[in-house]
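# What the coordinates show
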Amino acid sequence: MENLVSTKNDFLGRSLSVINDFSVDEQLFLYNHTKRLKLKWLNKEDLSEFKINKNVSIYIVFIEPSTRTKESFINAAKFHEKAKVTIFDSNHSSFNKKESYVDTFNMLTGYSDYSIFIVRSKLEGTCKLLSESVGKFAVRNNLPIPSFINAGDGKHEHPTQELLDEFTFLEKNNFDNSFIHIALVGDLLHGRTVHSKVNGLKIFKNVKVDLIAPEEISLPSYYVEKMKNNGFEVRLFSSIENYLKQKDIAKIWYFTRLQLERMGEDILEKEFILRKAVTFKKDFLQLLPQDIKFYHPLPRHKIYPTIPTFLDNLPLNGWEKQAINGYWTRIILLSMFGGALNADFDINNLKHEEKNEFVINAPIINGTKGVQKEGKRGIKPIENGTVIDHIAKGKTSDEIYSTIMKIRKIMKLYDIDSADGIFKSEDGNLKGYISLPDRYLSKKEIKKLSAISPNITVNIIKNSRVTEKYRIKLPPKVYGFEELRCKNENCITNPIHGENVKGSFIKNEYGQLVCEYCETPHNYDEIWNI
């Protein structure tokens, strides 16, 4: 078996699950080589430098039906003549017999010297899971780590569509990435290609985004906030008609279709009104400035297209060249992952978790914390042990008691001699506590407690005096608990999909906990299933 060893300048073993898996430099590397490839092809020059010359197997695995993206990848893979191309589709038996995805891809990895998997799935976070789990399988068995490419996962992301979109926008701007003004029009709620633009547009140094959609299908607020956090100027409009009433109109419009198959009955009832708001009409033509281009990820709805067919022969048509660019950008993506192209800069393949102290040593004022006030279960002072205090402070008594029970269950504190209670603090708010006589929580247990119930204090008591006191905040990552659940039913981690993946959540800058796989944001209480 050929030993493919990744260096700091190549992309072997890399995966593209979300567009943010590529840095801005890495994206620009891909776009510059795509530009070179197209130019050489037009001039009928030798293209061998872009072709994979290693023993590589490319697996095209479409668990969800697709035509355009699938055929684009098939043709891009066949450009690499020495690569072995294997095609699976949504009807393939191994993916319809409730067999483990991870086991299936593990076995396929063992059949090849080096594998690139292109995966499309209805389950969100599938490529993230496969990249992690199959990567570990490869390491255990001394195999080259395979690459995974997300060809679309539910309403989450479509990073390779984003690559071809951004390349197309650069072409429109004569490869000047200093500024872009773009209007995103249509179903921004379910449109995964739009969701990828939250980070994909970072290749431009200054970004202005106009979001055009009725409230029912508007871009989720957490994506809007991420755009603003990325430094984008963001404006919101409820319809094309309202957008054209003002003068600052973008030169690039990006339309998406209404994804009725992903909508609930409450939204479907308003289908006609929603379509009208985001469908371009002939009357609007006279209101457009010069040099505007329209784009669309395609295909359009054949009866109710947001970009009607009367526009096909007008200079506005940018979507046809956009679609063709999918072939070229995907060739280069495979060139990178197949080892044909190396970067002239160091590739950073390490993701560093935020350093955040969440267990903080607190001052001990008088050392008498071991004496507890009378609670509703009659707490007595303890001489030695642990007191967990300030549980769910400010909540109702039912919420506090529920949190106490959650702590007991997850920390397995229900089978020891202990007590708990609820009382008023000095500021008048209710708070709960658990008293654990002769039981000292370890530092590891205290860190675990921070994920279960943040904003509490832990007091270690010896000889009726507090000897150690800790204030606990929410950690930057919550993972490893059987009780964790992502609320998104289409997430690959959801137990109904049988992949036995534990939930994992990253704290964002707004204090929300974001699923590491499908990127659905949660409030703290939503991640627990007890």
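Residues numbered from 1 in each chain as written. Predicted model: local features only at pLDDT ≥ 70, side-chain atom pairs only at ≥ 80, totals over all residues. Heavy atoms only, no water.

Looking at an unreviewed UniProt entry, one finds the protein named Aspartate carbamoyltransferase, with Marinitoga hydrogenitolerans as its source organism. Turning to the protein, the UniProt record has this under Pathway (unreviewed entry): "Pyrimidine metabolism; UMP biosynthesis via de novo pathway; (S)-dihydroorotate from bicarbonate: step 2/3." As its UniProt record puts it under Catalytic activity (unreviewed entry), the protein is described as follows: "carbamoyl phosphate + L-aspartate = N-carbamoyl-L-aspartate + phosphate + H(+)". (UniProt positions renumbered as here; feature names shortened; annotations may be inferred.)

What follows deals with the pattern of salt bridges. Evaluation of the coordinates by the stated rule reveals 24 salt bridges. Linking Asp248 and Arg235 is a salt bridge whose minimum nitrogen-to-oxygen distance equals 3.9 Å. Of this pair, Asp248 sits in the loop between helix 8 (240-243) and strand 8 (252-255) while Arg235 sits in strand 7 (residues 233-237), placing them 13 residues apart in sequence. For Lys477, the salt bridge identified is with Glu516, shortest N-O distance 3.4 Å. With Lys477 in strand 16 (residues 477-479) and Glu516 in the loop between strand 18 (513-515) and strand 19 (521-522), this pair connects stretches of sequence that are 39 residues apart. (Salt bridge = Lys/Arg side-chain N within 4 Å of Asp/Glu carboxyl O. Helix = DSSP H or I, 4+ residues; strand = E, 2+ residues; numbered from the N terminus.)

In sheet architecture, strand pairing relies on hydrogen bonds along the backbone and comes in two forms, parallel and antiparallel. Read across the open sheet, the five strands follow the order 7-6-5-8-9; overall the sheet is parallel. Each edge of the open sheet carries a strand with a single partner, namely strand 7 and strand 9 (293-295). The average angle at which neighbouring strand axes cross in this sheet is 20°, direction not considered. Judged from the six bridges that link them, strand 5 (residues 180-185) and strand 6 (residues 207-212) form a sheet pairing that is parallel. By the bridge assignment for strand 6, Val185 is matched with Ile212. (Pairing = 2+ DSSP bridges. Axes fitted to C-alpha atoms, helices over the stretch in contact; angles between N-to-C directions.)

One frequently used descriptor of interface size is the decrease in accessible area upon assembly of the parts. If you check the domain split of the protein, you get domain 1 (15-158 + 327-338), domain 2 (161-315) and domain 3 (359-475). A straight line from the C-alpha centre of domain 1 to that of domain 3 covers 50 Å. (Domains from an automatic or database assignment.)

Here we come to the pairing of strand 13 (residues 430-437). Summarising burial for strand 13: six of the eight residues are buried, a large majority. Note that strand 11 (residues 385-391) and strand 13 share five bridges and pair antiparallel. Residue Val387 lies in a different strand from strand 13, and its bridge partner there is Ser435. Relative to strand 13, strand 12 (residues 419-424) runs antiparallel, the two sharing six bridges. (Buried < 20%, exposed > 50% of the residue type's maximum accessible area, 1.4 Å probe, protein only.)

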